[in-house]
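# Overview (structure and organization)
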Amino acid sequence: MPIFRYYFKSNLLMRILTALILGAVLGLIFKDHPKVLAVLAPLGELFVRLLKMIVVPVIASTLIVGASSITPTQLGRIGIKTLIYYTITSMFAIMIGLGVGKIIQPGLGLKIASDAAAAGKTAETPTVIQILLDIVPTNPIGAISGGQVLPMIFFCLAFGIALSFGRDSQDEQIKHGSDTVYAFVDGVSQAMFKIVGWVMQYAPIGVFALIFGVFAQNGATAFGALASVTTSVYVGLVLQVVLVYCVICALFKLSPLVFLKKVRPAMITAFVTRSSGATLPVSIQTAQNMGVPKPVYSFALPVGSTMNMDGTTVYLGVCAIFIANAVGVPLDGSQMITITLIAVLGAIGTAGVPGAGAIMLLMVLESVGLPVEAGSAVAIAYGMILGIDALLDMGRTSMNVVGDVAGTAIVAKQEGTLDEQAWRN
């Protein structure tokens, strides 16, 4: 049918934005028509169920593939310094995201109430020591099947690293077996990305139904909430550039202004494509223009496009606070520590493809006692985020790439191999 051909060939971003606008407008028009809301609610619930179906296999498979893609022989001086840099900047990114969220308080006053929200308020908060101990699973298969985030991340990282050593082994039997397992997990990962693509084709319908419910229940108040979370994310991204990347450049005696000028092509490309992987050729050209030698950027940039997700970690911090405020369950200190650990460790499993951060947000919410269950207040608030996720995704992907390029320059400078003449042009 022509209408279906048009639907699938049209731009997904425009379809989601159109669904967001239509859902908001029609939600205001049918504010006092509960029967209409009852008809549309199952469409939103279906979308939530589809998302929950894919989140664990996507994160588990991409974590294992990401960790096992870095061979032990690559982890020399350059590899270790690169990974240390990415870890440190990710820590700053999540702290900035949580800090901006706590100051601006997006979603406060939205008052999306439900039984799930009330249950969250009475949940027992674990201590910091218990959070750290719980990272190590006693039953890794049970942790994965049960969606226990930190134990799953820990086990998948350990499994991926062990697989990496097996693939690099001189013993042909071990190497063959490890390569076979890697190929299988990579195949699972690729299949899951295909399923993600199918689910995202349904996203406009699901977003329409969820946003319709938000505006039918909250009226025009929801506009302010969406504006506040968008503002918070972009404020956090700007602060990450100014307070982290520019300061680090200055500490290593590299001009922050020259850095911002030279990184602009990669930044703009990532903003438009919403994909760190697709921006990789431009990132490589940018690193070359900064005087970074091939041995550094050939390792740091591909690894960064998979593991370094500073923009995504800022987004996770802000959006977690938004959703917690929206459902009336403010986050405490231990929950913020949990978010920090998940954001830093889970960045390895956040694929450099459009919309991957929204899947990671599901895991973060699950870990702090705010599961996205069909029909719950958390699902409604998550639907609001998903409605504007394309706009947020452009900013966070752009920041991911800026962080990758900054890392290559800093590591090259520290190694003494950076052509500093390129920074004088």
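Residues numbered from 1 in each chain as written. Predicted model: local features only at pLDDT ≥ 70, side-chain atom pairs only at ≥ 80, totals over all residues. Heavy atoms only, no water.

Per an unreviewed UniProt entry, the protein goes by Dicarboxylate/amino acid:cation symporter and derives from Moraxella oculi. Per UniProt, the comment on the protein under Subcellular location (unreviewed entry) is "Cell membrane". (UniProt positions renumbered as here; feature names shortened; annotations may be inferred.)

## Focus on the overall build of the protein
A count of helices and strands for the protein gives 18 helices and zero strands. Looking at the protein residue by residue over its 425 residues, the buried ones come to 53%. For the protein, the share of sequence-separated contacts (at least 6 apart) that also reach a separation of at least 24 residues comes to 84%. Per element, the accessible surface of the protein, about 18,200 Å² overall, is 69% carbon and sulfur. (Helix = DSSP H or I, 4+ residues; strand = E, 2+ residues; numbered from the N terminus. Buried < 20%, exposed > 50% of the residue type's maximum accessible area, 1.4 Å probe, protein only. Contact = heavy atoms within 4.5 Å. Areas by Shrake-Rupley, 256 points an atom, 1.4 Å probe, with all protein chains shown as cover.)

## Structural notes on unusual backbone geometry
Located in the positive-phi region is Gln 105, a residue other than glycine, with phi close to 55°. Within the fold, Gln 105 resides in the loop between helix 4 (77-104) and helix 5 (115-122). By relative accessible area, which is 21% here, Gln 105 ends up partly exposed. Unlike most non-glycine residues, Lys 253 shows phi in positive territory, near 60°. For Lys 253, the location among the structural elements is in the loop between helix 10 (221-251) and helix 11 (256-273). Judged by its relative accessible area of 72%, Lys 253 falls in the exposed class.

## A few points about the nonpolar core
Judged by nonpolar contacts, the single largest core of 123 residues is most densely connected at Phe 259 and Tyr 382. Per-element accounting of this core gives the leading share, 13 residues, to helix 3 (residues 34-68). Look past the residues within four positions of Phe 259 in its chain and what remains in contact with it is Tyr 245, Cys 249, Met 290, Val 402, Val 405, Ala 406 and Trp 423. The next biggest cluster of nonpolar side chains, apart from the first, holds six residues, and it includes Ala 19, Leu 40, Phe 208 and Phe 212. (Core = buried A, V, L, I, M, F, W, Y, C linked by side-chain atoms within 4.5 Å.)

## Some details on the confidence of the model for the protein
Per-residue pLDDT for the protein has a mean of 80; in total, 86% of the residues score no lower than 70. Within the protein, helix 10 carries the highest mean pLDDT (88), whereas helix 5 carries the lowest (40). Within the model, the stretch residues 114-125 combines pLDDT values under 50 with ten contacts to residues more than four positions away or in other chains. (pLDDT = per-residue confidence, 0-100.)

## Notes on the packing of helix 14 (residues 310-326) against helix 17 (residues 377-387)
Packing of helix 14 against helix 17 brings their axes to within 9 Å, and their N-to-C directions diverge by 135°. As summarised for this structure, helix 14 and helix 17 are arranged oblique, according to the angle between their axes. Judged by the sense of rotation from one axis to the other, the crossing of helix 14 with helix 17 is right-handed. Residues Tyr 315, Cys 319, Phe 322, Ile 323 and Ala 326 of helix 14 lie in contact with helix 17, whose contacting residues are Val 378, Ala 381, Tyr 382, Met 384 and Ile 385. Here the contact of helix 14 with helix 17 is built from residues that sort into ten nonpolar, no polar and no charged. (Axes fitted to C-alpha atoms, helices over the stretch in contact; angles between N-to-C directions. Parallel < 35°, antiparallel > 145°, perpendicular 65-115°, else oblique. Left-handed = near helix turned anticlockwise from the far one by under 90°. Nonpolar A, V, L, I, M, F, W, Y, C, P; charged D, E, K, R; others polar.)

## Quick word on a nonpolar patch on the surface
A cluster of nonpolar side chains, Ile 80, Ile 84, Ile 88, Met 91, Phe 92 and Met 95, forms an exposed patch at the surface whose accessible area comes to about 530 Å². Within the secondary structure, Ile 80 is located in helix 4. Residue classification places Ile 80 among the partly exposed positions, given a relative accessible area of 46%. (Patch = residues over 30% accessible without salt bridge, like charges linked within 9 Å, V, L, I, M, F, W, Y side chains within 5 Å. Salt bridge = Lys/Arg side-chain N within 4 Å of Asp/Glu carboxyl O.)

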